[in-house]
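Take a look at the letters that make up each chain.
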Amino acid sequence: MNSWAEYPLNESMPWWSLAELPRSVARAEFEQSMRQKPDRIAILHTLLANSGIEFDGSDKSVQSLNDWFIETMVPVADSNHLDRRSQSVCEDVALLLGDLMIDRHPELRWDFFVWGKKNVSYQSHVIMGFSLEDPKWHSNLGLSRIVYGYGIQVLDSRRGLPVDVRLPEDHPLFGVQIPVDPLNYSEFLTLLDKVARRCLS
């Protein structure tokens, strides 16, 4: 893979569409995403390597991933929607970060979230198993949503807009709270740190 033209898009359904699917269809989508995860992560590793980044799971390589991610986010013309390629990158990065969290904290796992139809993570693939939190609360981390939201923040900051810009009703993140802080250029390391503080291992 020598260029973006050779980057095969991640064809997983976007996280915001999963809640409306029949349970069986959404679960099948989850299972397919998990089956394809090793291949998608390998594709991302190759893409990073072609940009001079050797991702080895260290904090240094996570920061390099973050810097690369910021540079690669592209909007649809005249909007703050991520283009299709950027959406695919967000999903691949979410899978990579999720597996890294599990490597660092073995009690964590990918799971299919079904607890609460009004939960923003409903029927999407999330990280669960936080050992310092009561299991009855079904604490989870929806990385696809978080990474996508970060991509939107990147675009907004690039255009000089406040991060808490009001989104149109047809926007995938409409109604989802977006942090009002300035863009965090080490967001992925911040995520890893927050996860570490929720785990025993």
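Residues numbered from 1 in each chain as written. Predicted model: local features only at pLDDT ≥ 70, side-chain atom pairs only at ≥ 80, totals over all residues. Heavy atoms only, no water.

K.L.:
I keep staring at the environment of Val89 and nothing clicks. Help me out?
P.N.:
With respect to the helices, strands and loops of the structure, Val89 is situated in helix H3 (residues 84–104). Residues Val89 and Met73, spaced 16 residues apart in sequence, show a C-alpha to C-alpha distance of 8.4 Å. If sequence neighbours within four positions are ignored, Val89 has contacts with Trp4, Tyr7, Trp68, Phe69, Thr72 and Met73. (Helix = DSSP H or I, 4+ residues; strand = E, 2+ residues; numbered from the N terminus. Contact = heavy atoms within 4.5 Å.)

K.L.:
What's the story with the packing of aromatic side chains in this structure? I'm lost.
P.N.:
How two aromatic rings sit relative to each other is set out by the distance from centre to centre and by the angle between their planes. In this structure the tally under the stated criterion is ten aromatic pairs. Taking 5.6 Å as the distance between ring centres and 35° as the angle between the ring planes, the aromatic pair formed by Phe30 and Phe112 counts as tilted. Linking Phe30 in helix H1 (residues 23–49) with Phe112 in strand E1 (residues 109–112), this pair joins segments that are 82 residues apart in sequence. Comparing Phe30 with Phe112 shows no difference in burial state: the two are buried. Centroid distance Phe69 to Phe188: 5.4 Å. Interplanar angle 70°. Geometry classified as edge-to-face. Of this pair, Phe69 sits in helix H2 (residues 59–72) while Phe188 sits in helix H5 (residues 187–196), placing them 119 residues apart in sequence. Phe188 carries the same exposure label as Phe69, and that label is buried. A cation sits over an aromatic face here: Arg85 above Trp4, 3.8 Å from the ring centre. The ring of Phe130 has Arg198 sitting right over it, with the charged end atom 3.7 Å from the ring centre. (Phe/Tyr/Trp six-rings, centres within 6.5 Å; stacked < 30°, edge-to-face > 60°. Buried < 20%, exposed > 50% of the residue type's maximum accessible area, 1.4 Å probe, protein only. Lys NZ or Arg CZ within 6 Å of the ring centre and 35° of its normal.)

K.L.:
Looking at this structure, how should I read the packing of H1 against H3?
P.N.:
A pair of packed helices is captured by two measures, namely the crossing angle of their axes and the spacing between those axes. Look at H1 against H3: their axes get within 9 Å of each other, and the N-to-C directions meet at 105°. Comparing the axis directions of H1 and H3 gives the class roughly perpendicular. Contacts between H1 and H3 involve Met34, Lys37, Arg40, Ile41, Leu44 and His45 from the former and Ser88, Asp92, Val93, Leu95, Leu96 and Asp99 from the latter. Of the residues contributing to the contact of H1 with H3, the split by class is six nonpolar, two polar and four charged. (Axes fitted to C-alpha atoms, helices over the stretch in contact; angles between N-to-C directions. Parallel < 35°, antiparallel > 145°, perpendicular 65-115°, else oblique. Nonpolar A, V, L, I, M, F, W, Y, C, P; charged D, E, K, R; others polar.)

K.L.:
What is the right way to read the side chain of Ser61 from this model?
P.N.:
By the element assignment, Ser61 lies in helix H2. A relative accessible area of 4% means that Ser61 is categorised as buried. One polar contact links Ser61 to Asp56, side chain to side chain, over a distance of 3.0 Å. (Polar contact = N/O pair within 3.5 Å; in protein donor to acceptor, adjacent residues only side chain to side chain.)

K.L.:
Please clarify how the pairing of strand E2 (residues 125–128) should be interpreted in this entry.
P.N.:
A regular strand carries its side chains on alternate faces of the sheet. Of the two faces of E2, both are covered, the one formed by His125 and Ile127 as well as the one formed by Val126 and Met128. Taken together, the four bridges between E1 and E2 define a ladder with antiparallel strand orientation. The partner of Asp111 across the bridge, within E2, is Val126. (Pairing = 2+ DSSP bridges.)

Geometry only, nothing functional implied.
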